[in-house]
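One-letter residues, chain by chain:
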Amino acid sequence: MSTFPFAPRSYDFAEYIDCHNYIGGAWVPAAAGASMPVLNPRHGKVMGHVTLSTRDDIDAAVAAAEAALPGWQATPIKERAQIMFRLKELMERDREELAWLVSHENGKDMAQAYGDVNKGIECVEFGCALPNLAQGEQLDVSRGINCRVQYEPLGVVAGVTPFNFPCMVPLWMIPQALTAGNCFLLKPSEQLPYSALKLAVLLEEAGLPKGVLNIVNGGREAVEALCDHPGVSAFGFVGSTKVAKLTYARAAAGAKRALCLGGAKNHLVVVPDADPELTAQTLVASAYGCAGQRCMAASVVIAVGDVQAIIDRTVEIAAGMTLGEDMGSIINHLSLGRITGYIDQAEQQGVKILLDGRGATVPGAEGGYWVGPTILDNVTADMPAGCDEIFGPVLSIIRVDTLDEAIAIENANPYGNAAAIFTTSGRVAEYATQRFNAGMTGVNIGVPVPREPFSFGGWNDSKIGHGDMTGYDGFRFWTRARKVTTRWAVSKDATWMS
Ligand code: NAD
């Protein structure tokens, strides 16, 4: 039996309605009629089906957005922001429903599912604040001459999102893009389309005019059509580095503005003067929150010198986690195979397995995709477990003698999303944070996400394009600057600009 609104309030398996496109305010299947199953990863069972868009569907969504654009752009920003205020209220009203939805389609435990929703609400709050931030700038640049910069919407813009934060990541883009006056096309991950569906339902209830937000479901074909469509002015992407590079190149080939966030391999450096309990607790929370399926997750601990007591305590805390309660499932059987393959390979390479999550299961959810917390010791930076993005609950420990060796290993990795140092010394903290080759660095923080109003974005292979995704940088990405220079009086001592 399908359920709508989304009634389930437990980890039990439940079926959902099929997920269609949302175009011009109507729920419609893709024109070609193809669909694919959506799995509940905790149970490994089909919870519904999602429609798969082709170019015809993208054309229809762009046309709906273009039709809505004049009215939306003519709406004052303070009125557009009121939609965000109402969305925030509605998300708070339906917080529990949203969190269960995230858990059912992604496999997250409820604490992490609430985190996804709560952080999404924080992103919406930034959209609410935009009328107070978006006024532009002006200056008298010469005698009698004034320059003014105003930020204007780009038109119809698009965003493509990954599976790991089905509520939050779409909200990295939607509040800024819509409040700035654009019409938005969202292509959520085809693996979990339900949170996006719910966001569209809430935005409609909040009073968003039809066609301002459109959701086009599907996979590669839909994404490529968005990159290619001449009616789409800007393209935002969050996902793996491979696809970030492909889509950036494709969007840029059509002279679109593009910002494509990619994968990560995040290094947490632990030195002997680190606070043992805080460090161990933080490493565990970073490595195993969202089952390690976080672009900001701790993936490598670089242990400098003798930090054995901290490693022992980390293993102890991780071993005490209850799978299915403290940590959710992996997204699908392909990820399960990839993650356990990395552990198998590390074992064959002689790595010491301090904690082994292979073969784990959860009573009552035996059909799901499970890997328990895993810790690999004596990994080297050139091993796949030491340099590849595993994207699962696997923490690799690399042992070194000096902080400079640790920094050199971090610097050499092609990614550059996050890096953190664990120390009680301000001098050591400053030394490391100023030398990490990563866009988001932390001190005694396992997930150094710059929360609003700060902007989110890595460096190197973790981000293709200029600027950052959230906060004020997000507003700048979805707008263009009009520069107006005026003279209304001529003074006697006017300059060359006269
Ligand atoms: P993915 O790259 O496989 O998919 C992301 C999106 O791209 C999906 O909507 C998918 O439909 C689409 N897509 C997939 N293959 C495509 C192709 N060949 N051409 C065009 N579109 C394609 O990523 P995922 O598995 O959904 O998410 C996990 C990845 O996302 C990890 O690498 C993770 O680090 C990354 N991620 C990065 C950030 C960040 O801020 N840097 C945040 C979240 C997730």
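Numbering of residues starts from 1 in each chain and follows the order in which that chain's sequence is written. The predicted origin of the model limits local features to residues at a pLDDT of at least 70 and limits the giving and counting of side-chain atom pairs to 80 or more, whereas totals for whole chains, interfaces and linings rest on all residues. As a rule here, side-chain values cover all heavy atoms of the structure and leave hydrogens and water aside.

**Student:** Lay out a positive patch on the surface in plain terms, naming residues and giving numbers.
**Tutor:** On the surface, a cluster of positive charge is made up of Arg-257, Arg-476, Arg-480 and Lys-483. Runs of E in the DSSP output that reach at least two residues are strands. Runs of H or I that reach at least four are helices, and both are numbered from the N terminus. Here Arg-476 lies in helix α15 (residues 471-477). Any residue with relative accessible area above 30% and no salt bridge may belong to a patch, with like charges joined within 9 Å and the nonpolar Val, Leu, Ile, Met, Phe, Trp and Tyr side chains within 5 Å. Here, Shrake-Rupley sampling with a 1.4 Å probe gives the accessible areas, and only protein chains in the shown set may cover a residue. What makes a salt bridge here is a side-chain nitrogen of Lys or Arg within 4 Å of a carboxyl oxygen of Asp or Glu, nothing more. The sign given to each residue is positive for Lys and Arg and negative for Asp and Glu; His and the chain ends receive no count. Note that the charge is assigned to NZ on lysines, CZ on arginines, CG on aspartates and CD on glutamates.

**Student:** Lay out unusual backbone geometry with the relevant residues and their values.
**Tutor:** The omega torsion of the bond from Glu-452 to Pro-453 falls at 15°, within 30 degrees of zero and hence cis. Along the chain, Pro-453 falls in the loop between β18 (440-443) and β19 (463-465). In this structure, Cys-290 is a non-glycine residue whose phi angle is positive, near 55°. Following the sequence through the fold, Cys-290 ends up in the loop between α9 (276-288) and β13 (298-304). Even without being glycine, Asn-460 reaches a positive phi, approximately 55°.

**Student:** Tell me about helix α13 (residues 403-412), residues and numbers included.
**Tutor:** Residues separated by three or four positions in an α-helix point in the same direction, a consequence of the helix having 3.6 residues per turn. Burial in α13 covers these residues: Leu-403, Ala-406, Ile-407, Ile-409 and Glu-410. Down the axis of α13, the smallest arc covering the buried residues is 160°, so these residues share one side. Residue contacts follow a heavy-atom distance rule, with two residues in contact if any of their heavy atoms lie within 4.5 Å. Looking at the buried positions of α13, the neighbouring elements they touch are β12 (266-270), β13, β16 (394-400), β17 (418-422) and α14 (426-433). When accessible area is computed with a 1.4 Å probe and restricted to protein chains, residues below 20% of their type maximum are described as buried, those above 50% as exposed, and intermediate ones as partly exposed. When we speak of the arc, we mean the arc of directions from the helix axis to the C-beta atoms.

**Student:** Tell me about the packing of helix α2 (residues 77-93) against helix α4 (residues 110-129), and name the residues and values.
**Tutor:** Interaxial distance between α2 and α4 falls to 8 Å at its minimum, and their mutual angle equals 160°. Judged by the angle between their axes, α2 and α4 are roughly antiparallel. Here α2 and α4 pass one another in a crossing that is left-handed. Within the contact between the two elements, α2 uses Ala-81, Met-84, Phe-85, Leu-87, Lys-88, Met-91 and Glu-92 and α4 uses Val-117, Gly-120, Ile-121, Val-124, Glu-125, Gly-127 and Cys-128. Inter-axis angles, ranging from 0 to 180 degrees, are taken between N-to-C directions of lines fitted to C-alpha atoms, where helices are fitted over the stretch in contact. For classification purposes, an angle smaller than 35 degrees is called roughly parallel, one larger than 145 roughly antiparallel, one from 65 to 115 roughly perpendicular, and anything else oblique. By the definition used in this description, the sense in which the near helix is turned from the far one sets the handedness, with an anticlockwise turn below a right angle giving left-handed and a clockwise turn giving right-handed.

**Student:** Describe the domain arrangement of the protein, naming the residues involved and giving the relevant values.
**Tutor:** Just so you know, the domain bounds were taken from an automatic or database domain assignment. Domain boundaries assigned for the protein yield domain 1 (21-262 + 462-482) and domain 2 (266-443). On a C-alpha basis, the centres of domain 1 and domain 2 stand 31 Å from each other. Buried area: the accessible area, evaluated with a 1.4 Å probe, that two parts lose upon being put together, summed over both parts. Carbon and sulfur atoms make up 52% of the surface buried where domain 1 meets domain 2, a total of about 1700 Å² over both sides. Summed over the three residues of domain 1 that lose the most area to domain 2, namely Arg-42, Phe-163 and Ser-462, the buried surface amounts to 32% of that side.

**Student:** I'd love a proper account of the nonpolar core, names of residues and values included.
**Tutor:** In this text, buried Ala, Val, Leu, Ile, Met, Phe, Trp, Tyr and Cys residues form a nonpolar core when linked through side-chain atoms within 4.5 Å. Counting residues in each nonpolar core, the largest one holds 83 residues, and the members touching the most others are Met-91, Leu-171, Trp-172, Phe-184, Leu-185 and Phe-235. For this core, the leading source of residues is helix α1 (residues 55-73), giving eight residues. Composition of this core by domain shows at least three residues from each of domain 1 (21-262 + 462-482) and domain 2 (266-443). Formed by 62 residues, the second largest nonpolar core is a distinct cluster that contains Val-315, Met-327, Leu-355 and Ile-398.

**Student:** Tell me about the sheet that holds strand β5 (residues 137-142), residues and numbers included.
**Tutor:** By definition, two strands form a pair when at least two bridges between them are found by DSSP. Taken together, three strands build an open sheet; the order of strands is β5-β6-β20 and the sheet is antiparallel. Every interior strand has two partners, whereas the edge strands, β5 and β20 (479-487), have only one. Sheet twist, expressed as the average angle between the axes of neighbouring strands with direction ignored, equals 25°. Judged from the five bridges that link them, β5 and strand β6 (residues 145-153) form a sheet pairing that is antiparallel.

**Student:** Quick one: what's the story with the packing of α2 against helix α5 (residues 170-179), residue by residue and with numbers?
**Tutor:** Contact geometry for α2 and α5: axes closest at 8 Å, N-to-C directions at 150°. The angle between the axes of α2 and α5 places the two elements in the roughly antiparallel class. Along its contact with α2, which presents Ile-77, Arg-80, Ala-81, Met-84, Leu-87 and Met-91, the element α5 presents Leu-171, Pro-175, Leu-178 and Thr-179. For the contact of α2 with α5, the class distribution of residues is eight nonpolar, one polar and one charged. In this classification, Asp, Glu, Lys and Arg are treated as charged, Ala, Val, Leu, Ile, Met, Phe, Trp, Tyr, Cys and Pro as nonpolar, and every other residue, Gly included, as polar.

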